[in-house]
Amino acid sequence: MKNLTLNDGINIPIIGSGANTFGKEGNEYRGALRGDTKEVDWAIENGYRHFDTAQAYNNEEVLGQGIANSSVPRSEFFITTKLNTFEGFRGAEWAHAEIEKSLEKLQTDTIDLFLLHSPWEDTAEIIEAWQILEDYYKRGVFKSIGVSNFKEEHLDLILENGIVPPAVNQIKSQVGTWNEALIDYNLKKNIATVAWSPLGGIDEKAQQVLEEIGNQYGKTYAQVVLRYQIERDVIVIPKSHNKERQAQSLAIMDFELTANDREQIAKL
């Protein structure tokens, strides 16, 4: 597995597994928990060591239990979770309580990467929230800290007012919405990009182009998309409820796209 080194010196596997519907009835985002960890179990068997979850997904405990059930030491896993800021910030006491809940659900004393899940309007509150993450980082509870869905102005706010720069900005980057300008901005600021839902946005026409490229290498259209992303040093967190497709997403280190391939994909 290829790793990227973040701006704080921490290594992150360039391929991870999303988990927002793992362990849920009907594999639905808002589904109730089933009480099992089968998708996490399969992913670990397939070789995944990087998992991405969040408080907003309401299933951190599924990942925590799956890792605890495995024979793989906790130290070999890279776990990302996020403070649920979709409805804003409810104060320092709330943030501390939510962080402690995440640690408990994930059955861990440390979190490898902790993010603010989404920006909100109150800039003073964003700075306050970031300072809380910095405190956990300085104490070693969070090994790395970052943000999700932040635009240039939000990144500048933290860079100008914080002490620890974000290690990561997790954003939408997929076929039809590559988000090149923001990825370039992240790179300029030495912030790694993680692409959420990296296999989204693929319509029939795009799939045909990707399949034609993949046929050259004996790869699926999904593998071509993921390969395109990691060749740009974009970290990907594909998610699947199918053990075989989980394995396919990891099997992208044995081929390289040509310049012509990349040009075609960029236009999709």
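Thresholds, definitions, all that
- Residues numbered from 1 in each chain as written.
- Predicted model: local features only at pLDDT ≥ 70, side-chain atom pairs only at ≥ 80, totals over all residues.
- Heavy atoms only, no water.
- Buried < 20%, exposed > 50% of the residue type's maximum accessible area, 1.4 Å probe, protein only.
- Helix = DSSP H or I, 4+ residues; strand = E, 2+ residues; numbered from the N terminus.
- Pairing = 2+ DSSP bridges.
- Right-handed = clockwise from strand over helix to strand, strands pointing away.
- Contact = heavy atoms within 4.5 Å.
- Axes fitted to C-alpha atoms, helices over the stretch in contact; angles between N-to-C directions.
- Core = buried A, V, L, I, M, F, W, Y, C linked by side-chain atoms within 4.5 Å.
- 1 Å grid on protein atoms, 1.4 Å probe; cavity = no way out; pocket = protein on both sides within 12 Å on 5 of 7 lines; lining within 4 Å.
- Points joined across faces, edges and corners; volume = space filled by probe spheres on them.
- Nonpolar A, V, L, I, M, F, W, Y, C, P; charged D, E, K, R; others polar.
- Lys, Arg positive; Asp, Glu negative; His and termini not counted.
- Salt bridge = Lys/Arg side-chain N within 4 Å of Asp/Glu carboxyl O.
- Polar contact = N/O pair within 3.5 Å; in protein donor to acceptor, adjacent residues only side chain to side chain.

A. The pairing of strand 9 (residues 192–196), seen in detail. Of all the five residues making up strand 9, four are buried; the element is thus mostly covered by neighbouring parts of the structure. Where strand 8 (residues 168–172) lies against strand 9, five bridges are found, and the strand directions are parallel. Bridged to N169 within strand 9 is T193. The β-α-β motif built from strand 8, the intervening helix 6 (residues 180–188) and the parallel element strand 9 has right-handed crossover chirality.

B. Spotlight on the pairing of strand 8. In terms of residue burial, strand 8 counts as a mostly covered element, since four of its five residues are buried. Bridge analysis of strand 7 (residues 142–148) against strand 8 gives two bridges, and the strand direction is parallel. Along strand 8, the bridge assignment pairs V147 with N169. A crossover links strand 7 with its parallel partner strand 8, the connecting element being helix 5 (residues 152–161), and its sense is right-handed.

C. Spatial organisation of the sheet that holds strand 5 (residues 78–83). With parallel pairing, eight strands are arranged side by side in an open sheet as 3-4-5-6-7-8-9-10. At either margin of the open sheet sits one strand with a lone partner, and together these are strand 3 (17–18) and strand 10 (235–236). Two strands pair when backbone bridges link them, and strand 5 and strand 6 (residues 111–116) are joined in this way by four bridges, in the parallel orientation. Of the residues in strand 6, the one forming a bridge with K82 is L115. Contacts between helix 3 (residues 92–105) and the sheet are confined to strand 5, strand 6 and strand 7, with strand 5 contributing the most and set at about 150 degrees to the helix.

D. Representation of the nonpolar core. With 78 residues, the main nonpolar core has I15, F51, L116, F142 and I265 as its most contacted residues. Tallying contributions element by element places helix 4 (residues 123–138) first for this core, with seven residues. Dropping the residues within four chain positions of it, I265 is found in contact with W178, L210, I213, V224, Y228 and L257.

E. Structural view of the layout of surface pockets. Empty space within the largest pocket amounts to approximately 350 Å³. As for the largest pocket, its lining consists of 19 residues, of which N20, Y57, W196, S197 and I237 are closest to the centre. Residue classes in the lining of the largest pocket are distributed as nine nonpolar, eight polar and two charged. Roughly 260 Å³ of internal volume is contained in the second largest pocket. Lining the second largest pocket are 13 residues, and of these L187, I191, A192, T193 and D233 sit closest to its centre.

F. Layout of the side chain of K24. By the element assignment, K24 lies in the loop between strand 3 and helix 1 (38–46). E61 provides the closest opposite charge to the buried, salt-bridge-free K24, at an N-O distance of 8.8 Å. From its side chain, K24 meets the backbone oxygen of N20 in a polar contact 3.0 Å long. At 2.6 Å, the side chain of K24 and the backbone oxygen of Y29 are in polar contact. Once residues within four sequence positions are removed from consideration, K24 is found in contact with Y29, G31, A32, L33, R34, Y57 and N59.

G. Inspection of the pattern of salt bridges at higher detail. Here the structure, examined in full by the defined rule, presents 15 salt bridges. In this structure, D112 and R74 form a salt bridge, with 2.9 Å as the shortest nitrogen-oxygen distance. Placement of D112 in strand 6 and of R74 in the loop between helix 2 (60–69) and strand 5 is noted, with a sequence separation of 38 residues between them. With a relative accessible area of 4%, D112 lands in the buried category. Across the pair K267 and E263 runs a salt bridge whose closest N-O atoms are separated by 3.5 Å. For K267, a relative accessible area of 65% gives the class exposed. Residues participating in the shared-partner salt-bridge network are R34, D36 and E39.

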